[in-house]
Protein chains: 2
Amino acid sequence: MASERLHLHICEQLRDLVEILQDPSPPPICLPHDASADPDHVSCAEDHGEVPNDAVPRFHLEKAVSHESLVIGAIENAFKHMDDQIERERGSQHLAGGCCALAAIYLMGKFYVANAGDSRHLLLDQAVQALPDLALNISKNGAIIIRNGEIIPMSREFTPETERQRLQFLALLKPELLGKEFTHLEFPRRVQPKELGKKMLYRDQNMNGWAYKKIEEADLKFPLIFGEGKKARMMATIGVTRGLGDHDLKVFSSNIHIKPFLSCFPEVRVYDLTQYEHCPDDVLVLGTDGLWDVTNDQEVAGVVMEVLTSYEPNDPCRYTMVAQELVVRSRGVLKERGWRLANDKLGSGDDISVFVIPLGGPGNYT
Amino acid sequence: MASERLHLHICEQLRDLVEILQDPSPPPICLPHDASADPDHVSCAEDHGEVPNDAVPRFHLEKAVSHESLVIGAIENAFKHMDDQIERERGSQHLAGGCCALAAIYLMGKFYVANAGDSRHLLLDQAVQALPDLALNISKNGAIIIRNGEIIPMSREFTPETERQRLQFLALLKPELLGKEFTHLEFPRRVQPKELGKKMLYRDQNMNGWAYKKIEEADLKFPLIFGEGKKARMMATIGVTRGLGDHDLKVFSSNIHIKPFLSCFPEVRVYDLTQYEHCPDDVLVLGTDGLWDVTNDQEVAGVVMEVLTSYEPNDPCRYTMVAQELVVRSRGVLKERGWRLANDKLGSGDDISVFVIPLGGPGNYT
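Owing to the predicted nature of the structure, the values given are computational and were not obtained by experimental measurement. Residue positions are given per chain, counted from 1 along the sequence in the order it is written. Going through the entries in the order they are written, you letter the chains from A and number the ligands from 1. Reporting of local features is limited, given that this is a predicted model, to residues whose pLDDT is at least 70; pairs of side-chain atoms are given and counted only at 80 or more, and all residues count toward the totals for whole chains, interfaces and linings. Hydrogens and waters are ignored; side-chain quantities use all the structure's heavy atoms.

Trainee: Help me out: how do you make sense of the sheet that holds strand S11 (residues 211-214) of chain A in this one?
Mentor: Hydrogen bonds between backbone groups are what pair the strands of a sheet, and the pairing can be parallel or antiparallel. With antiparallel pairing, three strands are arranged side by side in an open sheet as S11(A)-S10(A)-S1(B). Only two strands of the sheet have a single neighbouring strand rather than two, namely S11 of chain A together with strand S1 (30-31) of chain B. A pair of strands counts as paired when DSSP detects no fewer than two bridges linking them. Put simply, DSSP marks the helices as runs of H or I at least four residues long and the strands as runs of E at least two long, and each gets a number from the N terminus on. Both strand S10 (residues 199-202) of chain A and S1 of chain B contribute to a ladder of two bridges, which runs antiparallel. Its bridge partner lying in S1 of chain B, Met 200 of chain A is registered against Cys 30 of chain B.

Written out as structure tokens, the structure reads:
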């Protein structure tokens, strides 16, 4: 359901821009009072002839804003509106929890891949909807483009580790959010009371490196960011720092809210399809955590190329078969000791959804 | 003077780590009460056998901390201590203003290049000191490595544009820092009172793209970040967002302090010299704004290669000659209409200091 709603929010944001995006001239910096009532929007830039008395020349510098950055802003705001809607309706709709979101939007020759999160937890909804020009993946998110055998990452993870400095900065400026239970400093492990007065490694919101500091009473609090890799957690609770929902999530047996630290804003990466001549084997792969938990970019690229070569280049089924193969391999086969992968590791127990989107378009090649 | 002091601060921070860095085992997470009194430091990690009653297993996860990240932390803290010293002594030493800083530290096979700033203004001191293993450049800063003709950037600029989101986030959380004069939102140009109620492009601390918002009274304030490229300014005052000093800098004819928005922390990039076999033409180039204002990475690399090939590979003068040539070309020649570059553009009127440091070492080759 969340994926459908997010789809609507993105469409709604983009709808307002249709005329502006179709006009090759730079987007107007200012629109008239009611743009919808007056579709022939007038740029305020036209007023530039008259300089107000209080203006000095530098006030009239104008920053160039591209069409592309309007689309990015529209997608960013769509995620925000989606998050606001979840907040409003979570009571009436019985929506608890939260989710990550990955959206791929194809518009005017470009792919926009928007990613908020990297969740292995707290899935709101595993329904995934594929639409011709808008694929939405609600769950953990990962997207790569495979072009001529080369891997181009289209998303990155947002975890307590990758967003550590943002989270520590917020905690430093708003210490009340930590509820006296947490310290904004990071330590390589929990500080023990008997270590008071000793020097321990730490880092704060400004540091990328580590240094020693003398342990004080306040350092005995639990670190805001703790653990490493898949075990990294914020406030000992959550392993993801961007996503939708989770408005009521609190630290276990406390009244400390997690939401102020979560961002619902995606990172939007743009891939210009017109910059390259794409062949039928060039694809965009979107996958949920069920895929990425048990595999990596290189393995996915290997499967993509292996399966695609076993079909004719103009066979429209070949992309579906790649997606199916990626799902099957991530699930593994049922053995005595449960679902096992080819390497005998445990198969993915999570939702596995995969989209494989041809960049050259099926049927364009002979 | 600032460069000498910063040098001392870096040495001081690193001195505390000498024994730890020489020990190939991982750095101890915790040191005893007084490490200097007891040079045979004992890792608290040795205590791990005894599990305190209140501990749950995850408290004993230990994050791996590398020697490299200790050096980075030491350099970061040295910059902080330098900034604190300037704050303390600015009255007695008559130190007004501030500066950017670039430091290159060679330690145990690695170059650490630490960069805070990108200033074209407010130079505290143009004295630059070159030392065998520690080159300090107080001024605008730029460092590149040229290896086998390839350019490897070793620093990036910190400007109101590159640090926009950090600055907007701080302004949002601490609006009192804006003194009712500024808005944390960015607009492509100054909003005019007659535009109230119209829709204008903006972006906030979460956005990379632009979107339209209805102009309200609060949006008539001056944007925290304004202008573009070399003309980008924070609070209409300063074009650099990292550096040392400037503790008393205020917005013109106001009581609004700039310093809370400035960071004295450098970004430290590490280059491992042992990973490559370097030839005599591989160099690290550090330059002040006098160099980078009138040239770019490619032009610098071109001059480096041109001059180096005109000298024998084992001539120790060749690196000095490169630096000299880069300075001469940035200054230009005096013509009727002032100092002019080869392309007839205005030569650099600023301090031009250049270091060219061989990575293969002079005299190592025949």
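Trainee: Help me out: how do you make sense of the interface of chain B and chain A in this one?
Mentor: We call two residues contacting when some pair of their heavy atoms lies within 4.5 Å. The interface is formed by 64 residues belonging to chain B together with 64 residues belonging to chain A. Here the buried area means the combined drop in accessible surface, using a 1.4 Å probe, for two parts upon being joined, counting both sides. Taken as a group, Lys 63, Arg 189 and Tyr 212 of chain B account for 12% of the area that chain B buries against chain A, more than any other trio of residues on that side. Only one rule defines a salt bridge in this text: a Lys or Arg side-chain nitrogen within 4 Å of an Asp or Glu carboxyl oxygen. Across the contact surface, chain B and chain A share four salt bridges. Notably, a salt bridge pairs Glu 186 of chain A with Lys 63 of chain B, separated by 2.8 Å at the nearest N-O pair. Residue assignment for the side of chain B that touches chain A shows that the elements contributing at least two residues are S1, helix H3 (67-89), helix H4 (164-173), strand S10 (199-202) and strand S11 (211-214) of chain B. It is H3 of chain B that provides the largest number of residues to the side of chain B that touches chain A, a total of seven residues. Residue composition of the side of chain B that touches chain A, by class: 34 nonpolar, twelve polar and 18 charged. Note that Gly is not counted as nonpolar here; it falls among the polar residues with everything else outside the nonpolar set of Ala, Val, Leu, Ile, Met, Phe, Trp, Tyr, Cys and Pro and the charged set of Asp, Glu, Lys and Arg.

Trainee: What am I meant to see in the confidence of the model for chain A here?
Mentor: When pLDDT is low, close inspection of the predicted coordinates is not appropriate. Confidence per residue, as judged by the predictor, is encoded in pLDDT with a range of 0 to 100. Per-residue confidence for chain A gives a mean pLDDT of 83; residues scoring 70 or more make up 84%. Confidence drops under pLDDT 50 across residues 362-366 of chain A; counting only partners more than four residues distant or on other chains, this segment forms eight contacts.

Trainee: Help me out: how do you make sense of the pattern of salt bridges in this one?
Mentor: Two side chains bearing opposite charge may form a pair once their charged atoms approach each other closely. Evaluated as defined, the whole model comprises 44 salt bridges over all chains. Here Glu 306 of chain B ties to Arg 329 of chain B by a salt bridge, and the two come within 2.7 Å at their closest N and O atoms. Taken as a pair, Glu 306 of chain B in helix H6 (residues 297-309) and Arg 329 of chain B in helix H7 (residues 317-331) lie far apart in primary sequence, 23 residues in all. Buried residues are those whose accessible area, probed at 1.4 Å on protein chains only, stays under 20% of the maximum for their type, while exposed residues exceed 50% and partly exposed ones sit between those limits. In this structure Arg 329 of chain B comes out as partly exposed when scored by relative accessible area, which is 37%. The network of salt bridges with shared partners includes Lys 63 of chain A together with Glu 161, Arg 164, Glu 186 and Arg 203 of chain B.

Trainee: What should I look at first to understand the state of the cysteines in this one?
Mentor: By disulfide we mean two sulfur atoms from cysteines, separated by a distance within 2.5 Å. This structure, assessed with the given rule, holds zero disulfides over all chains. Cys 264 of chain A carries a free sulfur, and the closest cysteine sulfur to it, the one in Cys 99 of chain A, is 11 Å from it. On the basis of relative accessible area, Cys 264 of chain A is assigned to the buried category, the value being 7%. Free of any disulfide, Cys 279 of chain B has its nearest cysteine sulfur in Cys 317 of chain B, 19 Å distant.

Trainee: Could you clarify how one ought to interpret the sheet that holds strand S7 (residues 142-147) of chain B in this entry?
Mentor: Residues and elements named next belong to chain B. Within the open sheet, the four strands sit side by side as S8-S7-S17-S20. Their pairing is antiparallel. Of all strands in the sheet, those bounded by a partner on one side alone are strand S8 (150-153) and strand S20 (354-358). On average, each strand axis in the sheet is tilted by 20° relative to the strand beside it, whichever way the strands run. Looking at chain direction, S7 and strand S17 (residues 283-287) are connected through five bridges and run antiparallel. The residue of S17 that forms the bridge with Ile 144 is Val 285. In this analysis, axes come from line fits to C-alpha atoms, helices being fitted only over the stretch in contact, and the angle between any two N-to-C directions falls in the range 0 to 180 degrees.

Trainee: In this structure, what is going on with the pairing of strand S4 (residues 110-116) of chain A? I would like to understand it.
Mentor: Looking along a regular strand, one sees side chains alternate from face to face of the sheet. Residues and elements named next belong to chain A. Burial of S4 is extensive: seven of the seven residues sit out of reach of the surface. On S4, burial covers both faces: Lys 110, Tyr 112, Ala 114 and Ala 116 on one face and Phe 111, Val 113 and Asn 115 on the other are all buried. Judged from the seven bridges that link them, strand S3 (residues 101-107) and S4 form a sheet pairing that is antiparallel. Pairing of Tyr 106 across the sheet is with Phe 111, part of S4. Adjacent in sequence and paired antiparallel, S3 and S4 are bridged by two residues, among which Met 108 carries a positive phi angle near 50°. Sheet topology places S4 next to strand S16 (residues 267-272); six bridges connect them, and they run antiparallel. Each bridged residue has a counterpart across the sheet, and for Phe 111 the counterpart in S16 is Tyr 271.

Trainee: Which parts of the structure should I look at to understand the packing of aromatic side chains?
Mentor: The relation between two aromatic rings is expressed through the spacing of the ring centres and the mutual angle of the planes. Ring geometry is summarised as follows: Phe, Tyr and Trp rings, the Trp one being its six-membered ring, pair when their centres sit within 6.5 Å, and such pairs are stacked at plane angles under 30 degrees, edge-to-face over 60 and tilted between the two. If you walk through the whole model with that rule in mind, you get nine aromatic pairs over all chains. Where Phe 182 of chain B meets Phe 222 of chain B, the ring centres are 6.1 Å apart and the plane angle is 90°; that geometry is what we call edge-to-face. In this pair, Phe 182 of chain B sits in strand S9 (residues 182-183) while Phe 222 of chain B sits in strand S12 (residues 222-223), placing the two residues 40 residues apart along the sequence. Like Phe 182 of chain B, the residue Phe 222 of chain B is buried in the burial classification. Clustering of aromatic rings is evident, with ring pairs tying together Phe 182, Phe 222 and Phe 226 of chain A. The criterion for a charge sitting over a ring is simple: Lys NZ or Arg CZ within 6 Å of the ring centre, and within 35 degrees of the ring normal. Taking NZ or CZ as reference, Arg 147 of chain A lies 3.5 Å from the ring centre of Tyr 276 of chain A, over its face. When the ring centre of Phe 158 of chain B is taken as origin, the NZ or CZ atom of Arg 242 of chain B, which lies over that ring, is 3.9 Å away.

Trainee: Any chance you could explain the domain arrangement of chain A here in plain terms?
Mentor: Note on interface size: it is often stated as the accessible area lost on association of the parts. Domain segmentation is taken from an automatic or database assignment of domains. The domain boundaries assigned to chain A delineate domain 1 (67-158 + 266-358) and domain 2 (163-239). Centre-to-centre separation of domain 1 of chain A and domain 2 of chain A, based on C-alpha positions: 33 Å.

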